[in-house]
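Spelled out, the chains give:
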Amino acid sequence: MKTLKVALLGCGNVGAQVARILLEDADTLAARTGARLELVGIAVRNVDSPRDVELPRELFTTDASTLVAGADLVIELMGGIEPARGLILEAIRHGACVVTGNKALLAQDGPTLYEEADKAGVQLSYEAAVAGAIPILRPIRDSLSGDRITRVLGIVNGTTNFILDQMDSTGAQFADALAEAQRLGYAEADPTADVEGHDAAAKAAILAALSFHTRFSLADVHCEGITKVSAADIAAAKDAGFVIKLLAIAEKLTDDDGAEGVSVRVHPTLLPREHPLAAVRGAFNAVFVEAENAGELMFYGQGAGGTPTASAVLGDLVSAARRVVLGGPGRTETTTGHVPALPISASRTSYHVGLSVADQPGVLARIAQVFSDNGVSIELFRQSMNTDDVTAELRIVTHRASEASLAATVESVSQLDVVKDVTSVLRVEGV
Ligand SMILES: NC(=O)c1ccc[n+]([C@@H]2O[C@H](COP(=O)([O-])OP(=O)(O)OC[C@H]3O[C@@H](n4cnc5c(N)ncnc54)[C@H](O)[C@@H]3O)[C@@H](O)[C@H]2O)c1
Ligand SMILES: N[C@@H](CCO)C(=O)O
Ligand code: NA
């Protein structure tokens, strides 16, 4: 049986588990692959650092470049842009297939890597980069390649889903839910990448590119995090039958002239509590895909964690190794879609608008008139009296409207003398 040399770059949460599985399951992996996958070395910064998994000391090296040069298959799990990017390019250029989980690198400079992999005829796989263990990229790229995807809605960041779920189930404020997420080890000491939506935005760019056969990068993604979501927003949403989730959305839109474009965005979103994504609790991830022929599909599971994420890495490794054993061209994405990324002003969603208003005759009519003047149709309307007996809280859910019309509506409504405050403006999906 043929032996393929595997180089592992990085031995942190995910890398250590990948090394363990490669050693423990060597016979099974050989049977599935048709070649022995020999772990020839693990590149780390410090050979003597303590690790989660006990691994033979002779495997460790600080010379990543030499390790890459002698490998048939390279697994990059260092994270960050450099040296990961340079090492992946070195690997590709000498003909090795590469597996990575590095969404930050792919969202920033994926096109360079994909082009180099194409030129070299090697496979570059990255199932771990989006929603960890959940098989979602290969289903989109392979299983759905005979269909046309119209929309993808993903809960692709476990930390923010945990925080929003805590707020929803306990009434906690954002800061307290974040502290709990940090205490339990979901959120990092510096939670910026998660709570500001940057991690989800990188994953949105990758999902959009595969779904719409066009290269998108982070710059194409409109991104809003969850730091401004208040306990009051959650309570109002709950009251109206919604849950707030941070969604990564990629959808194809056609304008009035028939021109197609893709809206790629990440923002807190209201979902009806009966929507399948509303049932995704805690730190779990899920991706909801709508395709012309398949209809609605949902992929659910663990979006992070060393061992679950290692499962996705090993799946990619076996796939790449089979290709090396059997021959044939690298399995890459097609990029023949050529649909432009649309600005957020072109997106169309439903909105939830919260208003504090004076409780007097004619108020509802004047507010409804402003919505109507801007071409924004109202789907749902609720009013509750405040204890002061002179103001009321209005919650309005609109039909789909353009971001621009909604912004104009909110601006005009806020100018009405009877409107004390616009308490919230949140996007709604799934209605
Ligand atoms: N942890 C997860 O749950 C998860 C899920 C999906 C994807 N990912 C992605 O997988 C990758 C790895 O994540 P992780 O959680 O294992 O990270 P980690 O920080 O735990 O591990 C990174 C490892 O790479 C090593 N490293 C970093 N720079 C290096 C360098 N210059 N030379 C040699 N070694 C270097 C570090 O010493 C460490 O051992 C990242 O790209 C991450 O985004 C992680
Ligand atoms: N920080 C990410 C981990 C995997 O990308 C999350 O919370 O889901
Ligand atoms: Na995945």
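What counts as what
- Residues numbered from 1 in each chain as written.
- Chains lettered and ligands numbered in written order.
- Predicted model: local features only at pLDDT ≥ 70, side-chain atom pairs only at ≥ 80, totals over all residues.
- Heavy atoms only, no water.
- Donors = N, O, S within 2.8 Å, 3.2 Å for Na, K, Ca; no water.
- Buried < 20%, exposed > 50% of the residue type's maximum accessible area, 1.4 Å probe, protein only.
- Near = heavy atom within 4 Å.
- Polar contact = N/O pair within 3.5 Å; in protein donor to acceptor, adjacent residues only side chain to side chain.
- Areas by Shrake-Rupley, 256 points an atom, 1.4 Å probe, with all protein chains shown as cover.
- Axes fitted to C-alpha atoms, helices over the stretch in contact; angles between N-to-C directions.
- Helix = DSSP H or I, 4+ residues; strand = E, 2+ residues; numbered from the N terminus.
- Parallel < 35°, antiparallel > 145°, perpendicular 65-115°, else oblique.
- Left-handed = near helix turned anticlockwise from the far one by under 90°.
- Contact = heavy atoms within 4.5 Å.
- Nonpolar A, V, L, I, M, F, W, Y, C, P; charged D, E, K, R; others polar.
- Core = buried A, V, L, I, M, F, W, Y, C linked by side-chain atoms within 4.5 Å.
- Pairing = 2+ DSSP bridges.
- Salt bridge = Lys/Arg side-chain N within 4 Å of Asp/Glu carboxyl O.
- UniProt positions renumbered as here; feature names shortened; annotations may be inferred.
- Arc of directions from axis to C-beta.

Asker: Before we go on, may I ask you to explain the coordination of the sodium ion (ligand 3) in this structure?
Answerer: Metal coordination angles have textbook ideals: 109.5 degrees for a tetrahedral set of four donors and 90 or 180 degrees for an octahedral set of six. Ligation of the sodium ion (ligand 3) by protein atoms is provided by Glu-127 (O), Glu-127 (OE), Val-130 (O), Gly-132 (O) and Ile-134 (O), these donors lying 2.4 to 2.7 Å from the ion. Sequence spacing of the donor residues for the sodium ion (ligand 3), all on one chain, is E-x2-V-x1-G-x1-I. On the basis of relative accessibility, which here comes to 6%, the residue Glu-127 falls in the buried class. For Ile-134, a relative accessible area of 2% gives the class buried.

Asker: Which parts of the structure should I look at to understand the site of ligand 2?
Answerer: Inspection of the region around ligand 2 gives Lys-103, Asn-157, Gly-158, Thr-159, Asp-194, Asp-199, Lys-203, Gly-303 and Ala-304 as its neighbouring residues. Separating an oxygen atom of ligand 2 from a side-chain N or O atom of Asn-157 is a distance of 3.5 Å. Taking Thr-159, its side chain carries an N or O atom lying 2.5 Å from an oxygen atom of ligand 2. Protein contacts shield 82% of the accessible area of ligand 2, which totals 260 Å² for the unbound molecule.

Asker: I keep staring at the packing of helix α5 (residues 103-120) against helix α10 (residues 198-212) and nothing clicks. Help me out?
Answerer: The axes of two packed helices give the description: the angle between them and the distance between them. One way to put it is that α5 packs onto α10 with a least axis distance of 9 Å and a crossing angle of 55 degrees. Between α5 and α10, the crossing angle belongs to the class labelled oblique. For the crossing formed where α5 meets α10, the hand is left-handed. Counted together, Lys-103, Leu-106 and Ala-107 of α5 and Asp-199, Ala-202, Lys-203, Ala-205 and Ile-206 of α10 form the full contact between these two elements. Its residues placed into classes, the contact of α5 with α10 shows 5 nonpolar, no polar and 3 charged.

Asker: How should the nonpolar core be read in this particular structure?
Answerer: Inside soluble globular proteins, nonpolar side chains tend to come together where they are buried. In terms of nonpolar packing, the biggest core is built from 115 residues, with Val-18, Leu-22, Ile-42 and Ile-136 touching the most fellow members. Residues within four places of Ile-42 in sequence aside, it is in contact with Leu-8, Gly-10, Cys-11, Ala-19, Leu-55, Leu-59, Phe-60, Thr-61 and Leu-67. Within the second largest apolar cluster, 20 residues are counted, among which are Val-376, Leu-394, Val-413 and Leu-416.

Asker: It is not clear to me how the site of ligand 1 should be interpreted in this structure. Could you clarify?
Answerer: Surrounding ligand 1, one finds 19 residues, the nearest of these being Asn-13, Val-14, Gly-101, Lys-103 and Gly-305. The separation between a nitrogen atom of ligand 1 and a polar side-chain atom of Arg-45 is 3.4 Å. Between ligand 1 and Lys-103, the relevant distance is 3.2 Å, taken from an oxygen atom to a side-chain nitrogen or oxygen of the residue. Look at ligand 1: alone it shows 830 Å² of surface, and the protein chains cover 76% of it.

Asker: Which parts of the structure should I look at to understand the pairing of strand β9 (residues 242-254)?
Answerer: Side-chain direction in a regular strand flips from residue to residue, so the side chains alternate between the two faces of the sheet. Within β9, 11 of the 13 residues are buried, leaving the element largely enclosed by the surrounding structure. Taken together, the 13 bridges between β9 and strand β10 (residues 260-272) define a ladder with antiparallel strand orientation. Across the sheet, Leu-253 pairs through a bridge with Gly-261, a residue of β10. Joining the antiparallel neighbours β9 and β10 is a turn of 5 residues, in which Gly-258 adopts a positive phi near 85 degrees.

Asker: When you look at the pattern of salt bridges in this model, what are you seeing that I'm missing?
Answerer: Proximity of charged atoms lets side chains of opposite charge pair with each other. Going through the model one piece at a time under the given rule, you end up with 28 salt bridges. For Arg-57, the salt bridge is made with Asp-48, and the minimal N-O distance between the two is 2.5 Å. Across the pair, exposure class does not vary: Arg-57 and Asp-48 are exposed alike. Where Asp-199 meets Lys-203, a salt bridge forms, and the shortest distance between an N and an O atom there is 2.6 Å. Remark: Lys-203 and Asp-199 occur in helix α10; sequence separation between them is 4 residues, near one turn of the helix. Owing to a relative accessible area of 12%, Asp-199 belongs among the buried residues under this scheme. A single network of salt bridges, built from pairs that share partners, joins Arg-151, Glu-251, Arg-265, Glu-290, Arg-400 and Glu-429.

Asker: Honestly, the side chain of Thr-409 in this entry has me stumped. Any pointers?
Answerer: Relative to the helices and strands, Thr-409 resides in helix α14 (residues 403-415). Apart from residues lying up to four places away in sequence, Thr-409 is in contact with Val-370, Phe-371, Asn-374 and Val-376.

Asker: Would you take a moment to explain the UniProt feature "domain: ACT" (unreviewed entry) in the protein chain for this structure?
Answerer: Annotation from UniProt places "domain: ACT" (unreviewed entry) at residues 352-427. Annotated as residues 352-427, this span is 32% helix and 45% strand, and its ends, taken at the C-alpha atoms, are 6 Å apart.

Asker: Help me out: how do you make sense of the packing of helix α2 (residues 26-33) against helix α12 (residues 306-326) in this one?
Answerer: Where α2 meets α12, the axes come as close as 9 Å, and the angle between the chain directions of the two elements is 45 degrees. Taken together, the axes of α2 and α12 lie oblique to each other. The two elements α2 and α12 cross, and the hand of that crossing is right-handed. Residue-level inspection shows Leu-29, Arg-32 and Thr-33 of α2 in contact with α12, the latter providing Leu-314, Val-318, Ala-321, Arg-322 and Val-325. For the contact of α2 with α12, the per-class residue count stands at 5 nonpolar, 1 polar and 2 charged.

Asker: Just checking my understanding: could you explain helix α13 (residues 363-373) for this structure?
Answerer: In an α-helix, one full turn covers 3.6 residues, which means residues spaced three or four apart are oriented alike. Those residues of α13 that sit buried are Val-363, Ile-367, Val-370 and Phe-371. One face of α13 carries all of its buried residues, which in axial projection span an arc of 100 degrees. Across from the buried face of α13, at angles greater than 90 degrees, the exposed residues are Ala-365 and Asp-373. Those residues of α13 hidden inside the fold are in contact with β13 (348-358), β14 (378-385), β15 (391-398), α14 and β17 (419-428).

Asker: Is there a simple way to think about unusual backbone geometry in this case?
Answerer: What you tend to see is this: most non-glycine residues have negative phi, and most peptide bonds are trans. For the bond from Glu-82 to Pro-83, the omega torsion is 5 degrees, close enough to zero to count as cis. Note that Pro-83 resides in the loop between β4 (73-76) and α4 (84-93). The phi angle at Ala-131 is positive, at roughly 60 degrees, despite the residue not being glycine. Tracing the chain through its elements places Ala-131 in the loop between β6 (124-125) and α6 (137-143).

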